[in-house]
Amino acid sequence: MKDYLLALDQGTTSSRAILFTSAGEVVATGQIPFRQHYPQPGWVEHDPLELLDSQLQAAAQCVAASGVAPGDIAALGLANQRETALLWEKATGQPVGRAIVWQCRRTAAFCTQLQEEGYTEAIRARTGLLPDAYFSGTKYRWLLDHIPGARRRAERGELLCGTVDSWLLWNLTGGTVHASDYSNCCRTLLFDIHRLGWDETLCQLLDVPQILLPRPVENSGDLGVVAPGVPHLEALAGLPIRGMAGDQQAALFGQGCFAPGQLKNTYGTGCFTLMNTGTAPVTSQNGLLTCVGWGLGGETTYVLEGSVFNAGSSIQWLRDELGLIEKASDCDVLAEQVPDNGGVYLVSAFTGLGAPYWDMYARGAVVGLTRGTTRAHLCRATLEGIAYQTADLIAAMERDAGQKIPALRADGGASVSDFLMQFQADLLGVPVERPAVVETTAWGAACLAGLGAGLWSSPQEIPRAGGGKIYTPKTDRSRAYAQWKRALERAKAWEEAEP
Ligand code: ADP
């Protein structure tokens, strides 16, 4: 019985694989970390062959540990770190240089130039994005301009480019499929999210020849099969590849946010909030991004996306820089020991503030300290600060989408904090739901693959694993919320010089 789905989750620091049953239970996992390269301050690179090898090994490890016969796996689905960009040789599959990672700021000056030359609105109208070094397009341009001979070879048709989804797919299929799914394409600055195709004007503006780019495809369907002779995956030759999505969109899908207005927040190092806005793209008035969530069966679902730059990282700061706690879970324990925050507010604007505030000159602030402030208050203020920033972001999304949210679905490392989840529900005034299986990214990839393999005929048929936890609003936090807004003002525009 082909009742299993293999999900690959190629992340920023490790490659993971999870084998699920079609009911959403985790059967086995595999995980292999890989190296980060920092050739200059602000630059981040990955070795494409190491990314690939770690991912293939993680998959092999997972399948071996599961004891499941490869013939019982219905399909493979892929989720990946988004925006990370690379070039490789069409004939040999050899990478041309390292991959430039999404975090890398090396193309910031070019993006500023695009803004100064007045391209921001044109870019936003077509792509839903802002000209920022975060996105892939300017990274391709950099590779073509800085790797000796690359541009000339690219123009001769000898090279291919892609984000990590297309790199993995190309390798899994033995170099036969060069495609990228809409959720990844839409993070490049080159993709028209309305027409669902590469935009020739933007390709020219960013100096990226279209012949290099992968073919844009839907997120579920026949993406190819695992080729014979893929290293570590010999036993999986012939396995259909049926789903593919960028990690945040995969998590939204894995959380079952199929209806307009539904949203999820991933509480990791930072927070990523994505709201399903239905089949029409919504333009934000608050600096949120408009992206493709997924394309399925000829229908495109759009999302609004925003992020809190520092969320779980502020708990790491309490632990690693201040030494106030030994492990992240201590933060929760201490926060529960005090009846309130003692008037203390912590704004984790360590690297400025993102949506909806957009203040790169903001810096972290702790306000309201008294002689009676304890580390428990600081821990509580840190968790509350994450929830306040998320609430502000969601309020902006509600304004943009013109609808109130019914509930928030949560995942990510910091979503294990009961205090944080309860406080978030109190602030939003709607339930916060945390699923039992928090591997929502991998599950989303598995779901897309399962749909493509015909295990279900629509997303609504996908089972939602029970056993999660629902936090319903209990306490009115409106007075504290007003205080938070004052604290935020203290943190804004702190840095005077160009950061
Ligand atoms: P990422 O994918 O961004 O690396 P994860 O989803 O793995 O992040 O989450 C890691 C974050 O979760 C860390 O920043 C850590 O501070 C936070 N975290 C882990 N355990 C807890 C906990 N018990 N309470 C609150 N935060 C936690």
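Note that this is a predicted model, so its numbers are computed, not measured.

1. Focus: the site of the ligand
Next, step 1: Thr269, Gly312, Gln316, Gly413 and Ala414 are the nearest of the 13 residues found near the ligand.
Next, step 2: Here an oxygen atom of the ligand sits 2.9 Å away from a polar atom, N or O, in the main chain of glycine 312.
Next, step 3: Protein contact buries 66% of the 580 Å² of open area that the ligand shows by itself.
Next, step 4: Per-element tally for the shell around the ligand: the top contributor is helix α10 (residues 312-320), with 4 residues.
Next, step 5: Grouping the constituent residues of the shell around the ligand by class yields 4 nonpolar, 9 polar and no charged.

2. Topic: the environment of leucine 190
Next, step 1: Following the sequence through the fold, leucine 190 ends up in the loop between α7 (182-185) and β10 (191-192).
Next, step 2: The sequence separation of leucine 190 and lysine 485 amounts to 295 residues, and the corresponding C-alpha distance is 37 Å.
Next, step 3: Apart from the residues within four sequence positions on either side, leucine 190 is in contact with Thr127, Gly137, Tyr140, Gly197, Trp198, Asp199, Leu202, Cys203, Leu206, Val208 and Leu213.

3. Comments concerning the side chain of lysine 139
Next, step 1: Checked against the element boundaries, lysine 139 lands in helix α4 (residues 137-146).
Next, step 2: At 3.4 Å, the side chain of lysine 139 and the backbone oxygen of tryptophan 102 are in polar contact.
Next, step 3: Not counting residues up to four positions away in its chain, the partners in contact with lysine 139 are Glu83, Ala85, Ile100, Val101, Trp102, Cys104, Thr107, Ala133 and Tyr134.

4. So, the sheet that holds strand β20 (residues 408-411)
Next, step 1: Strand order across the open sheet formed by 7 strands is β16-β17-β15-β14-β20-β21-β22, with mixed pairing between neighbours. Each of the sheet's edge strands pairs with one partner strand only, and the pair in question is β16 (289-296) and β22 (469-471). Pairs of neighbouring strands in the sheet enclose a mean axial angle of 25 degrees, with direction left out of account.
Next, step 2: Looking at chain direction, strand β15 (residues 271-278) and strand β17 (residues 299-308) are connected through 7 bridges and run antiparallel. By the bridge assignment for β17, cysteine 271 is matched with valine 308.

5. Digging into the pattern of salt bridges
Next, step 1: The full count for this structure, using the stated rule, is 31 salt bridges.
Next, step 2: Here glutamate 384 makes a salt bridge to arginine 380, at a shortest N to O gap of 3.0 Å. On the criterion of helical spacing, the pair formed by glutamate 384 and arginine 380 is a turn pair, its members being 4 residues apart in helix α12 (residues 375-401). As far as burial versus exposure is concerned, glutamate 384 and arginine 380 are alike and both buried.
Next, step 3: Between lysine 469 and aspartate 418 there is a salt bridge whose closest N-O contact spans 3.4 Å. With a gap of 51 residues between them, lysine 469 in strand β22 and aspartate 418 in helix α13 (residues 418-428) connect regions that are remote in the sequence.

Conventions adopted
Residues numbered from 1 in each chain as written. Predicted model: local features only at pLDDT ≥ 70, side-chain atom pairs only at ≥ 80, totals over all residues. Heavy atoms only, no water. Near = heavy atom within 4 Å. Polar contact = N/O pair within 3.5 Å; in protein donor to acceptor, adjacent residues only side chain to side chain. Areas by Shrake-Rupley, 256 points an atom, 1.4 Å probe, with all protein chains shown as cover. Helix = DSSP H or I, 4+ residues; strand = E, 2+ residues; numbered from the N terminus. Nonpolar A, V, L, I, M, F, W, Y, C, P; charged D, E, K, R; others polar. Contact = heavy atoms within 4.5 Å. Pairing = 2+ DSSP bridges. Axes fitted to C-alpha atoms, helices over the stretch in contact; angles between N-to-C directions. Salt bridge = Lys/Arg side-chain N within 4 Å of Asp/Glu carboxyl O. Buried < 20%, exposed > 50% of the residue type's maximum accessible area, 1.4 Å probe, protein only.

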